[in-house]
There are 2 protein chains.
Amino acid sequence: MATRQEVADRAGVSVAVVSYVLNNRQVVKEETRRKVLQAIEELGYRPNQMARSLKTKKTRQIAVLIHYIGNPFEAGLLLHIEETAKRHGYFVFVQTYEPEREEELRSLLVGRVDGILLLGQPVSEETLDYFGSLDVPVVSAMQPASGREATAGVPYVDIDWPSAMRSLVAHLRGQGHERIAFMTAGGADSAYANRLEAFREAMAEEEAGAGPSAILGGGGRFEAAERELLRLIDGGGELPFTALVCANDLMAAGSLAACRARGVAVPKRVAIAGCENILMSSQLSPPLTAIHYPRQEAGEAAMAMLLGRMNGSDGEPVRLQGQLIVRGSTRADG
Amino acid sequence: MATRQEVADRAGVSVAVVSYVLNNRQVVKEETRRKVLQAIEELGYRPNQMARSLKTKKTRQIAVLIHYIGNPFEAGLLLHIEETAKRHGYFVFVQTYEPEREEELRSLLVGRVDGILLLGQPVSEETLDYFGSLDVPVVSAMQPASGREATAGVPYVDIDWPSAMRSLVAHLRGQGHERIAFMTAGGADSAYANRLEAFREAMAEEEAGAGPSAILGGGGRFEAAERELLRLIDGGGELPFTALVCANDLMAAGSLAACRARGVAVPKRVAIAGCENILMSSQLSPPLTAIHYPRQEAGEAAMAMLLGRMNGSDGEPVRLQGQLIVRGSTRADG
């Protein structure tokens, strides 16, 4: 196990500077700070002494790393996270997570937060180890993509996607749909990966061997989803599906916009459903069928879990029930 | 003019501790830190030396104080603010502004940010003086309520509300509406105060002496607006207006929800319009007439203004043009 002296040697600084960095004193030049943090990681140094002192020097601040603040669902979750944090006297600051700047972000957060809440995206294994070594707990609202080894250990709050997707797929089948497509965003890292996975399973269960009739990329956003569907519609010929499940409501709204723009009747020619049931969804034209994700319950549970971890208790993953809300976008008589 | 020694005496600490605090070294106990910051304010100490040193010790961080992250319009502005900041190598962190915690927030930000961007709410005169003394510029996206002396000097980016409201009111009059109500939120401090003011003027101009036929409080949110309108509808009798202009689209959507729930035909019995034209507005049922607020232009301009101020240039207020988008919620043939 590396010593502080070894860290200092490798970084070419004095032992004192190493503790300055761990105490985040601003007297340390950013460049030096980087060198030291890098040495700490390379040597796998575990500054328990420091960790304890950091623990006792509470910042009363919590960082929320958000995936896409433009998604009203994530913003809604955030509202309840903030509410809960405020009740406990914590300040929440929010930062949009950018993979390419994760290392930089790490050095911005060290010594400045008592806990970190991931909202919709994973972080690297290095980052988890790093904050783990500093006793700064990391919790995730929405389960990190199950494919990720790194974040496998991060406690999370999410809904039971398999059962929610089964009820949605069953509903669409019941409406006579056999070719059902899924619109997702991001890769295996994306929080949507779990929703796609659950959709695949639900399709396979409903009818042996059946899979999505198409997987579309909607970029997680209204405009990108609209463009993607316009591309398919304008490509001519029949669409490869009669029903479309979108991993978030924003992409569902963008898909509705594309259908409206091209006179494609919803749900007559294409049924469209979302996965979050944001406030606006009930007022869309036609009103959007969606899996209801209990934002308040989830936000409060995620924050409670983080506060618990900050006080040393283990956080067991929390599974909430999603609920299918059927509206005009999938029901012929809607 | 107070000296650093006087600050130290009043706070009952050494001069060194005062500079620790101004340099935000975490070695200082939070309680001591508070004492010192309070002494600095009470004595009106202007730590120019410190200010300069803080200036040279760039944090590459910018704080955005947001009013209500649940409003997709504010989130949309934020996206473009972040994009612009990122292009210039800055980290943006976002904090929901709470008046009752402003003092606490001040001590969290000192020494940690190069600039502050207000998104939808004012801050106290003390806070402006305080950051002014530390050479940390403050800029506002959306003009702080004109009633406020304190924020009168803060440079801002906003649209030309008077001309935008004139075109909206003229359109509604053209559709035969004479009793036009306005739904707002917050008091004279609210960013919506300017929109209400512009609406009043537009009404008075259109017809000498005419004013809003009613001013409703929608709390700035979907649910609160829905409740308010349900209350009026369920109160029985005719509504005191035939057209309703909502200070933000979220309240307009909530109003549409109330009308839908009670079978009040839009626009036949009540025409409804918004003031932001968020992405979802075009997909609402009926599609929402709204003043289009150019989010990208505004977000980029606000961030550019802040960066400019951080580099010593003065920021002149920027006035963008809003554009009336007429849709089904106010056009009988929509």
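These numbers were taken from a predicted model, which means no experiment stands behind them.

1. Here we look at the interface of chain A and chain B
Think of interface size as the accessible area that goes away when the parts come together; that is how it is often given.
Logical step 1: Between chain A and chain B, the residue contacts involve 47 residues of the former and 47 residues of the latter.
Logical step 2: Taken over both partners, the interface formed by chain A and chain B buries close to 4300 Å², and the fraction arising from carbon and sulfur atoms is 61%.
Logical step 3: If you look at where chain A meets chain B, you find 4 salt bridges.
Logical step 4: The shortest N-O distance in the salt bridge between Lys86 of chain B and Glu100 of chain A comes to 2.8 Å.
Logical step 5: Counting across the interface, chain A meets chain B through 13 residue pairs in polar contact (both at pLDDT 80 or more).
Logical step 6: Those elements giving two or more residues to the side of chain A that touches chain B turn out to be helix H5 (72-87), strand E2 (91-96), helix H6 (102-109), helix H10 (222-234) and helix H11 (249-262) of chain A.
Logical step 7: The residue makeup of the side of chain A that touches chain B, split by class, is 24 nonpolar, 12 polar and 11 charged.

2. Thoughts on the sheet that holds strand E10 (residues 289-292) of chain A
All names here are of chain A.
Logical step 1: As summarised here, the arrangement of the 6 strands in space is E7-E6-E8-E9-E10-E12, forming an open sheet in which the pairing is mixed. Looking at strand neighbours, the two that pair on one side only are strand E7 (214-217) and strand E12 (323-325), the edges of this open sheet. Within this sheet the neighbouring strands show an average axis-to-axis angle of 20°, counted without direction.
Logical step 2: The sheet contact formed by strand E6 (residues 180-184) and strand E8 (residues 243-246) spans 4 bridges and is parallel. Following the sheet pairing, Phe182 is matched in E8 by Val245.
Logical step 3: Helix H9 (residues 192-206) contacts E6, E7 and E8 of the sheet and is inclined by roughly 170° relative to E6.
Logical step 4: Helix-sheet contacts for H11 involve E6, E8, strand E9 (271-274) and E10, and the interaxial angle to E9 is about 155°.

3. Let's talk about the pairing of strand E9 (residues 271-274) of chain B
Residue and element names in this part refer to chain B.
Logical step 1: Burial along E9 is two-sided: the face carrying Ala271 and Ala273 and the face carrying Ile272 and Gly274 are both buried.
Logical step 2: For the handedness criterion, the β-α-β arrangement of strand E8 (residues 243-246), helix H11 (residues 249-262) and E9 is classed as right-handed.
Logical step 3: Bridge analysis of E9 against strand E10 (residues 289-292) gives 2 bridges, and the strand direction is parallel. Within E10, the position partnered with Ala273 by the bridge is Thr289.

4. A short note on the pattern of salt bridges
Logical step 1: Overall, the coordinates contain 16 salt bridges over all chains when judged by the stated rule.
Logical step 2: Taken together, the shared-partner salt bridges in this structure form one network comprising Lys86 of chain A together with Glu98, Glu100, Arg101 and Glu104 of chain B.

5. Quick look at the packing of aromatic side chains
Logical step 1: On inspection of all chains with the given rule, the structure shows 9 aromatic pairs over all chains.
Logical step 2: Plain terms: the ring middles of Phe93 of chain A and Phe93 of chain B are 5.1 Å apart, the flat faces sit at 50° to each other, and that makes the pair tilted. Here Phe93 of chain B lies in strand E2 (residues 91-96) and Phe93 of chain A lies in strand E2, a pairing that spans two chains.
Logical step 3: Relative accessible area serves as the criterion here: at 7%, Phe93 of chain A is assigned to the buried category.
Logical step 4: For the pair Phe73 of chain B and Tyr293 of chain B, a centre-to-centre distance of 4.7 Å together with 65° between the ring planes defines the contact as edge-to-face.

6. Topic: the domain arrangement of chain A
Residue and element names in this part refer to chain A.
Logical step 1: Domain assignment breaks chain A into domain 1 (4-47), domain 2 (59-158 + 296-319) and domain 3 (161-294).
Logical step 2: Placing a centre on the C-alpha atoms of domain 2 and another on those of domain 3 gives a separation of 28 Å.
Logical step 3: Contact with domain 2, which involves 21 residues of that partner, is made by 17 residues of domain 3.
Logical step 4: A combined buried area of about 1500 Å² lies between domain 2 and domain 3, and 53% of that area is made up of carbon and sulfur atoms.
Logical step 5: Taken as a group, Tyr68, Phe73 and Ala145 account for 33% of the area that domain 2 buries against domain 3, more than any other trio of residues on that side.
Logical step 6: For the interface between domain 2 and domain 3, the tally reads 0 salt bridges.
Logical step 7: Inspection of the domain 2/domain 3 interface yields 6 residue pairs in polar contact (both at pLDDT 80 or more).
Logical step 8: Of all elements in the fold, only H5, strand E5 (156-159) and helix H12 (295-310) reach the threshold of two or more residues within the side of domain 2 that touches domain 3.
Logical step 9: Across the side of domain 2 that touches domain 3, the residue classes tally to 9 nonpolar, 7 polar and 5 charged.

Parameters and conventions
- Residues numbered from 1 in each chain as written.
- Chains lettered and ligands numbered in written order.
- Predicted model: local features only at pLDDT ≥ 70, side-chain atom pairs only at ≥ 80, totals over all residues.
- Heavy atoms only, no water.
- Contact = heavy atoms within 4.5 Å.
- Buried area = accessible area lost by both parts, 1.4 Å probe.
- Salt bridge = Lys/Arg side-chain N within 4 Å of Asp/Glu carboxyl O.
- Polar contact = N/O pair within 3.5 Å; in protein donor to acceptor, adjacent residues only side chain to side chain.
- Helix = DSSP H or I, 4+ residues; strand = E, 2+ residues; numbered from the N terminus.
- Nonpolar A, V, L, I, M, F, W, Y, C, P; charged D, E, K, R; others polar.
- Pairing = 2+ DSSP bridges.
- Axes fitted to C-alpha atoms, helices over the stretch in contact; angles between N-to-C directions.
- Buried < 20%, exposed > 50% of the residue type's maximum accessible area, 1.4 Å probe, protein only.
- Right-handed = clockwise from strand over helix to strand, strands pointing away.
- Phe/Tyr/Trp six-rings, centres within 6.5 Å; stacked < 30°, edge-to-face > 60°.
- Domains from an automatic or database assignment.

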